[in-house]
Structure formats: C-alpha cells, structure tokens
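Chains, contacts and geometry: an overview
Residue strings, one per chain:
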2 protein chains.
Amino acid sequence: MPATLREVAERAGVSVRTVSNVVNDFPQVAPETRARVQRALDELGYQPNAVARTLRRGRSGLIALVLPELDVPYFAELTRAVIEQAAAAGYTVVVDQTDGDPVRERELVMRGNRAAMFDGLIFNPLALGGADLRDRPSSTPVVLLGERVVQGGLDHIMIDNVGAAEVATRHLVELGRRRIAAIGDQSDESRRTGRLRTEGYQAALNAAGLEPLPELIRPTTYFHRADGAAAMADLLALPDPPDAVFCYNDLLALGALRTILSHGLRVPEDIALVGFDDIEDGRYSTPSLTTISPNKTQIAQHAVELLLRRLDGDTSPPAELPADYELIVRESTTGKH
Amino acid sequence: MPATLREVAERAGVSVRTVSNVVNDFPQVAPETRARVQRALDELGYQPNAVARTLRRGRSGLIALVLPELDVPYFAELTRAVIEQAAAAGYTVVVDQTDGDPVRERELVMRGNRAAMFDGLIFNPLALGGADLRDRPSSTPVVLLGERVVQGGLDHIMIDNVGAAEVATRHLVELGRRRIAAIGDQSDESRRTGRLRTEGYQAALNAAGLEPLPELIRPTTYFHRADGAAAMADLLALPDPPDAVFCYNDLLALGALRTILSHGLRVPEDIALVGFDDIEDGRYSTPSLTTISPNKTQIAQHAVELLLRRLDGDTSPPAELPADYELIVRESTTGKH
DNA sequence: CGCGGGGCTTGCAACGTTGCAAGTGGTGCT
DNA sequence: AGCACCACTTGCAACGTTGCAAGCCCCGCG
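Residues numbered from 1 in each chain as written. Chains lettered and ligands numbered in written order. Predicted model: local features only at pLDDT ≥ 70, side-chain atom pairs only at ≥ 80, totals over all residues. Heavy atoms only, no water.

- As recorded in an unreviewed UniProt entry, chain A goes by DNA-binding LacI/PurR family transcriptional regulator and comes from Kribbella antiqua.

Quick look at the structure:
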C-alpha cells in the first residue's frame, strides 16, 4: 500500500534514481526537478522502505540492547541511559529481554547481524560465559556489560565489584558494626557477581580484623526483593543476629528492609543496611538506602562509544573499560538527618 | 563476512534455490542432497539474512512495543507480559521508549512499517491523541494501550478508570475516612488518565455524601515518586490535613508514603493510602500498599491477540477492549495483620 | 521403444533501494 | 563550426532471499 520510489518516479515523470537522489538530498538535482519530485513525494506520502534500504546499505541504524530483565530497576535505568547516548549518535535502540535464559541469550547473541537486523549489540549476559561467546560466527560488534564474562575476547564494561563491595562493607565497619552479614552470595559458577562481591566483603572484614562467619553469608538464587526478604528472615532467626547487612543489590536490600521492619526492629539503630545499584526506589524508601552507585551514564556512554567505534571499523584489540562507582550514604546506615 | 546462500550452494554443488529449500525445510528435497547441503551449511556456519528475508517475505516477525518510560515499573512489568504473549505466537518484541515526547511518538507511530521494520506496533501514547493518529499514512497495524485516545479509529485496550478510581475511593470511605485527598489530577488536556480518575474519585465521594474539596485534589506534572512526595508535603501543610489519600499510581503513593513517614505520622493509623497499578515495589514497602491491580497479563494478551489478528488480515472495525482490575487490600489501609 | 508422470532441481524475476558509471543536452570557448 | 565541458539525469546491477513455474531425469507402463 505505501508508495515506492517507482510510483513516485512515474508520477513526477522522472527516473527512479532521480527520486532517490531527491530523497537522499543529493546536491546534483536541478531545483525545478527537485520541486516536482518533492511534490510527488508529498502527494503520495512516500516513506522510504527501511528494510530495502538496510539490505542495500548494510546498515540499519538500530542497535539492540539485550538485558536479563527489564522489570529490574537497575536495568530499566541503564536502558534509559543507553537510549540517550545512542540517540545522540543517531542510532535507535531496541531492547530485548532474555530472562537470563541461556537459550534465548544464545539465540540473540550468536545469530548476530544476520538473523537480526541490528548493526550492533550491547549485551548484559547472565547465563552465557566467556567460552560460549568466544567463537561467535557472526561479525556484528558486541559490547558486554556486567561481571559475567572475563576473557571472552570481546569489548567489556564493568565496575570493580571487589573494590565496591569492600567500600560498602568498610562503611559498615567504620560505623562500629561488628556482626556484618552479606546477602546475595552465589555459589553457582555462572553467576560471578555474587562471588566478586563476597570477595570484597571478606577483604573488608579481614582488613578490620573481623572474621567472616559462614552463617552470616547468605546465598540467594536471584537478586529480587523476595530473595532479600527470605534471606533476612533467616538471619533474624540466628541465635545471634547481625547488626548490619550488606546486600548485593538494592532490591535485596529493600526486601531485607521489609523483613526487618516487620519484625519490629529499626534501621539503622538495630541493623544498618547497605545496598548496591542506587535505584530510584532506594531513594524513596523509609529509611532511604545507603548504596553503591555505579555511574550508569558512564557505563552507557562507554558502551555506545565502543560499539560505534567498532561499527566504524576499529579493529583494535578488545577493550576492558572500568566504570566509576561511589558510595552514597543515606538513612539506612546513618539514620535521619 | 557471513556466508550467503550462493556460497553454500557453490560449496555443495547445487543451486541457490535448493539450498533455500533445505534451509526452509521444504519436503521436496532428496535425502542425499539435503544431507550434502546441510553439511555445507554447517561448515560455513550459514545464518539466513533476516533483512533480505524480510524484504522478500514482507514479514519480519518483529513487533514493537512503544512506551513512554521503561523505568516506570508499571511499564516494565507490562513489557514482560507482552514479551511472553508475543513469544508464544512466535513473535519477537522490541521495546522503544518515547519519554512521552510528541516528536518521538509521532516519528515512531506515523512512519509505520516502512521506516521501521516491524510488522506491528503496540503503542501506549502519552502525548499523541486521537486526532493525531487518525490519518496515519502507514498501514502497519497498531494497538493502543492506555487512556489517552478515545476515538482514533484504532484498536484500543484500556481499563475502566472511572470505575476503578471509584472502587479505590469507596474502600477509603468504607474504612470510615472522611477527609480523603487525591494525588495525580491533571488539568492538561492531553493527559486523560488523571481526569478520569478524578472523576471516579468524586463520584465515590458524592455517593457517600462527602463533598469533594478542591484543596484536597492535588495535580501533578508526572506520576513519579518525587511528584507524590511533593504533593503529600502540600497536603500535610494544610490546616486540616487529610486522613486518607488516593494516589493515581503506586509511584505517587510511594513518594507520598515517604513524606508521611518522615513527618512522623503513621500509615494507615493517621493517613490511609491507596495506589494504582500494583507494582512490585508496593508489595515490599512498609507498610505494603493497597492498590488497584490492572490485569496486566490480560492487557498484554488482548493487545497481542488483536495485533496478530490484524496481521492475519482481519479488517473488522476497530475494537475497544476493556481489561479487568481488582482492588488489592494491603497494610497501607488496614494495617498489619 | 516411446511416452507419461513423478520426484527432484533449477532459472528467472522480484521485494525496494542505492553505487557506479555512463548518458544526455546544452553552453561556451576556440 | 567543432569540441570540451558542465549540470543534470539515467540504466544497470546488486544487496540476499523466496515464489513461481518450468525443466530435467529416470522409471514404469503400454
């Protein structure tokens, strides 16, 4: 139903090629011709066919952002940042959600530019590791986010998880807390985030001369509110409950907070709480959440820049870019102010 | 770099067409030929070119979900539901975010299937109204979500906002509250949600013999936590503050909750709170949030079904499908249990 | 031995666009 | 008058795929 170049050409009495020249603003078109063609374009409501254009040009102007879960605020907020960065460069971002399903992740990433119509991929894997990604048949550029992959031979952006976890834990130590628990450890080989943060947590305890106690390190399957709530209930059931908890993300912390408050305990007086991610929810909870804030804008910016450079043909060796983070102190550790 | 049908054909010593037949599992291929071609396919790691395929077939298998904001939990949760429904039908969903910017909305929706490469659109407009959408040049099917559009001549799914708001307000009335405020009214002609919910709110008050007081109806620019927090601060500054608040979405309610608690007041003892959307955050706040829960799965299901029917050539008149909702009573109105 | 038919394979064209290089007609210069 | 050149326009081919219909070969039957 929509008009094609040929139909416009017939109406304007010129060749298809000339219409194309007008559409693409080529300079070498006589003003009069241009006007006539433009009129025909308008009358027919011509819109270029993006699929044909992409086939011909080899570029779609689309980059895909592949994330485990969109209803996790951290990813939703990151998405906004990526969209903004990409828009500035004239690219449109489409988002896809994998649920951390290895099958879906593989599908999306391995197929690459042929099966999909994206010029590049920004991918935060949950299930897929370095080995899986090493020999992609596709040549679509990919930038990885997150901790999952170590040496996949792909561009990669991550924050220093060990360092950040250490900062968070040290903050609790400096407040005088001694029984500091951790929620979010993951024994699962494929989930690296939890292990790295546990490492930082333990390092901080050791540096303070505190001994990491196994019963205070609670593993969780996911990083959702429900997991935090359940883990916190376990901690409260201990004979000697903790006086502080470092949660490996803000959702865990919010779940834990809910459990603590519903047990009639106070935060931070009885138990201090630190989260990770700095999602908006944590700024509006009561008490508001002390947290590690990864620089999401910077992550997005690096990711898009790196990807666009690859699209421009840059073949330098894969980069491993660190992103900044900072500790944001709020009520859940220092109380009202 | 990736292999094409022709390269595979040369390697296998058959025609391009035969390779295509194998790739598409056509029955009329001799087993031996099929095996030989398959080997060549595997050796070259062939992946069909989705762009070429789409151009030829006229279908991409992609539907776009166009939303105002992804970092608003309601939309993130809705997205999950849409993705699930579409996946069941073999479609892939890509998500795009407009920020409610009329320019971006128009771009995405008016251009339709030519500028983009999507078979259909599920669109929740914020800025664009019926008039804007009526004469789209494109023939891509569109299903609208939300309250914004009334008679755009397009398929449309929404819940009964007036009725839902009435139910929420009546719940507060039945708890014995008398000074019931509302947060989220919008005078802006283009934002219809707020006006509809105010209508239901007033209807419930009238039915209970209570007079709606202008100073208890607080408009907000957006539906974010910050707006709720600010509006609640205004309400608390009144000489005679409310004893209950109906917030037009859960984020507003969470912002309001934060303000109430930080003023040393209790929920629900001093002020009862009802939200709208039933986002996960509200289940884990303290107190948990009483809210109107729109059936998101049903909305997604209707949207995808309707869209797919249009893609199959259904030309029946535009449908206006209602979606269910229910009041979920939690602690913010009835206290701990 | 010739012919019809079935199983399998193929060539051609087209989806709508753009790169390339050639083509057209007119103008100005010698 | 002839030629070169310029401004502008055009045809051809190709991106990689698939629908269509024709083609090939071999088998079995008369």
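1. Considerations on the relation of the copies chain B and chain A
- If you rotate chain B by 180 degrees and push it 0.0 Å along the axis, it lands on chain A with an RMSD of 0.1 Å. The transformation relating the two chain copies, once decomposed into turn and shift, fits a two-fold axis. (Least-squares fit on C-alpha atoms with pLDDT ≥ 70 in both.)

2. A word on the UniProt feature "domain: HTH lacI-type" (unreviewed entry) in chain A
- With numbering matched to this structure, UniProt assigns "domain: HTH lacI-type" (unreviewed entry) to residues 3–57 of chain A.
- Segment residues 3–57 of chain A splits into 69% helix and 0% strand. End C-alpha atoms: 20 Å apart. (UniProt positions renumbered as here; feature names shortened; annotations may be inferred. Helix = DSSP H or I, 4+ residues; strand = E, 2+ residues; numbered from the N terminus.)

3. With respect to the sheet that holds strand β7 (residues 217–219) of chain B
All names here are of chain B.
- If you walk across this open sheet you meet the six strands as β7-β6-β8-β9-β10-β12, and the pairing is mixed. A strand with exactly one partner marks an edge of an open sheet, and here the two such strands are β7 and β12 (325–328). The average angle at which neighbouring strand axes cross in this sheet is 15 degrees, direction not considered.
- Running over the sheet, helix α8 (residues 161–174) touches β6 (180–185), β8 (244–247), β9 (272–276), β10 (290–294) and β12 and is turned about 165 degrees from β9. (Pairing = 2+ DSSP bridges. Axes fitted to C-alpha atoms, helices over the stretch in contact; angles between N-to-C directions. Contact = heavy atoms within 4.5 Å.)

4. Some remarks on the protein's contact with DNA strand D
- Of all residues adjacent to DNA strand D, which total 27 residues, the nearest are Thr18 and Thr33 of chain A together with Leu5, Tyr46 and Arg56 of chain B.
- Elements supplying a minimum of two residues to the surface near DNA strand D: α2 (16–23) and α4 (50–57) of chain A together with α1 (5–12), α2 (16–23) and α4 (50–57) of chain B.
- Element by element, the count of residues in the surface near DNA strand D is highest for α4 of chain B, at four residues.
- Here the surface near DNA strand D is composed, by residue class, of ten nonpolar, nine polar and eight charged. (Near = heavy atom within 4 Å. Nonpolar A, V, L, I, M, F, W, Y, C, P; charged D, E, K, R; others polar.)

5. What about the environment of Val22 of chain B?
Residue and element names in this part refer to chain B.
- Its location among the elements puts Val22 in helix α2.
- The exposure class assigned to Val22 is buried, which follows from its relative accessible area of 4%.
- Leaving out residues up to four positions away in the same chain, Val22 has contacts with Val29, Arg34, Val37, Gln38 and Leu41. (Buried < 20%, exposed > 50% of the residue type's maximum accessible area, 1.4 Å probe, protein only.)

6. Some points on the protein's contact with DNA strand C
- Leu5, Tyr46 and Arg56 of chain A together with Thr18 and Thr33 of chain B are the nearest of the 28 residues found near DNA strand C.
- Backbone atoms, meaning sugar plus phosphate, form 64% of the atoms of DNA strand C positioned within 4 Å of the protein.
- Take Arg56 of chain A: an N or O atom from its side chain is 2.3 Å from a base oxygen of DNA strand C.
- A distance of 3.1 Å separates a base nitrogen of DNA strand C from a polar atom in the side chain of Arg56 of chain B.
- For the surface near DNA strand C, the secondary structure elements donating two or more residues are α1 (5–12), α2 and α4 of chain A together with α2 and α4 of chain B.
- With five residues, the single largest contributor to the surface near DNA strand C is α4 of chain A. (Polar contact = N/O pair within 3.5 Å; in protein donor to acceptor, adjacent residues only side chain to side chain.)

7. Let's talk about the side chain of Glu69 of chain A
- For Glu69 of chain A, the position within the fold is in the loop between β1 (62–67) and α5 (73–88).
- A distance of 3.0 Å separates a polar atom in the side chain of Glu69 of chain A from a polar atom in the side chain of His224 of chain A.
- When near neighbours in sequence (up to four residues on either side) are disregarded, Glu69 of chain A contacts Phe75, Gln97, Asp99 and His224 of chain A together with Arg80 of chain B.

8. Things to note about the sheet that holds strand β12 (residues 325–328) of chain A
All names here are of chain A.
- Taken in spatial order, the six strands make up an open sheet running β7-β6-β8-β9-β10-β12, and their pairing is mixed. Every other strand in the sheet has two partners, leaving β7 (217–219) and β12 as the edge strands with one partner each. This sheet shows a mean twist of 15 degrees between the axes of neighbouring strands, independent of strand direction.
- Summarising the sheet, strand β6 (residues 180–185) and strand β8 (residues 244–247) pair through four bridges and their orientation is parallel. From the neighbouring strand, Ala181 faces β8, where its bridge partner is Val245.
- In the packing of helix α8 (residues 161–174) onto the sheet, the strands contacted are β6, β8, β9 (272–276), β10 (290–294) and β12, and the crossing angle to β9 comes to about 165 degrees.
- Sheet contacts for helix α10 (residues 225–236): β6, β7 and β8; angle to β6, the most-contacted strand, approximately 145 degrees.

9. Side note on the packing of aromatic side chains
- The full count for this structure, using the stated rule, is six aromatic pairs over all chains.
- Each ring, one from Phe246 of chain A and one from Phe276 of chain A, has its centre 6.5 Å from the other, and the planes form 35 degrees; the classification is tilted. Placement of Phe246 of chain A in strand β8 and of Phe276 of chain A in strand β9 is noted, with a sequence separation of 30 residues between them. Like Phe276 of chain A, Phe246 of chain A is buried.
- Ring geometry for Phe246 of chain B versus Tyr248 of chain B: centroids 5.2 Å apart, planes at 50 degrees, classification tilted.
- Classification of Tyr248 of chain B as buried rests on a relative accessible area of 0%.
- Pairwise contacts between aromatic rings join Phe246, Tyr248 and Phe276 of chain A into one cluster.
- Taking NZ or CZ as reference, Arg197 of chain A lies 3.5 Å from the ring centre of Phe276 of chain A, over its face. (Phe/Tyr/Trp six-rings, centres within 6.5 Å; stacked < 30°, edge-to-face > 60°. Lys NZ or Arg CZ within 6 Å of the ring centre and 35° of its normal.)

10. Describing the interface of chain B and chain A
- Chain B puts 56 residues into the contact, and the matching count from chain A is 56 residues.
- Taken over both partners, the interface formed by chain B and chain A buries close to 4,800 Å², and the fraction arising from carbon and sulfur atoms is 57%.
- The salt bridge involving Glu331 of chain A is made with Arg258 of chain B; its shortest N-O contact spans 2.6 Å.
- The interface formed by chain B and chain A contains 13 residue pairs in polar contact (both at pLDDT 80 or more). (Buried area = accessible area lost by both parts, 1.4 Å probe. Salt bridge = Lys/Arg side-chain N within 4 Å of Asp/Glu carboxyl O.)

11. Thoughts on the side chain of Arg310 of chain B
Residue and element names in this part refer to chain B.
- Within the element layout of this structure, Arg310 appears in helix α13 (residues 296–311).
- A distance of 2.6 Å separates a polar side-chain atom of Arg310 from the backbone oxygen of Ser316.
- Residues within four places of Arg310 in sequence aside, it is in contact with Pro141, Asp155, Thr315, Ser316, Pro317, Pro318 and Ala319.

12. Thoughts on unusual backbone geometry
- Note the cis peptide between Thr286 of chain A and Pro287 of chain A, where omega equals -5 degrees.
- A positive phi angle is found at Asp25 of chain B, which is not glycine, with a value near 60 degrees.
- Looking at the element boundaries, Asp25 of chain B is found in the loop between α2 and α3 (31–44).
- Judged by its relative accessible area of 60%, Asp25 of chain B is exposed.
- Residues other than glycine seldom take positive phi values, yet Asp99 of chain B does so here, at roughly 60 degrees.

13. Examining empty space enclosed by the protein
- With the rule as written, the count across this model stands at three cavities of 30 Å³ or more.
- When its volume is computed, the largest cavity comes out at roughly 580 Å³.
- Looking at the lining of the largest cavity residue by residue, the class counts come to 17 nonpolar, eight polar and seven charged.
- Residues lining the lining of the largest cavity come from more than one domain, with at least three contributed by each of domain 2 (60–159 + 296–323) and domain 3 (161–294 + 327–334) of chain A.
- As for the second largest cavity, its lining consists of 17 residues, and the residues nearest its centre are Leu254, Tyr284 and Ser285 of chain A together with Leu254 and Ser285 of chain B.
- Every element with two or more residues in the lining of the second largest cavity is listed here: α11 (250–262) and α12 (280–284) of chain A together with α11 (250–262) and α12 (280–284) of chain B.
- Here the element with the most residues in the lining of the second largest cavity is α11 of chain A; it accounts for four residues.
- Broken down by class, the residue content of the lining of the second largest cavity amounts to seven nonpolar, four polar and six charged. (1 Å grid on protein atoms, 1.4 Å probe; cavity = no way out; pocket = protein on both sides within 12 Å on 5 of 7 lines; lining within 4 Å. Points joined across faces, edges and corners; volume = space filled by probe spheres on them. Domains from an automatic or database assignment.)

14. Some points on the pattern of salt bridges
- Within the structure shown, the criterion is met by 36 salt bridges over all chains.
- Put simply, Asp281 of chain B and Arg225 of chain A hold a salt bridge, and the shortest N to O gap is 3.0 Å. Here the residue Asp281 of chain B occupies a position in helix α12, and Arg225 of chain A occupies one in helix α10, the pair thus bridging two chains.
- For Asp281 of chain B, a relative accessible area of 8% gives the class buried.
- Overall, the relative accessible area of 3% leaves Arg225 of chain A in the buried class.
- Overlapping salt bridges bring together Arg225, Glu280 and Asp281 of chain A together with Arg225, Glu280 and Asp281 of chain B as one network.

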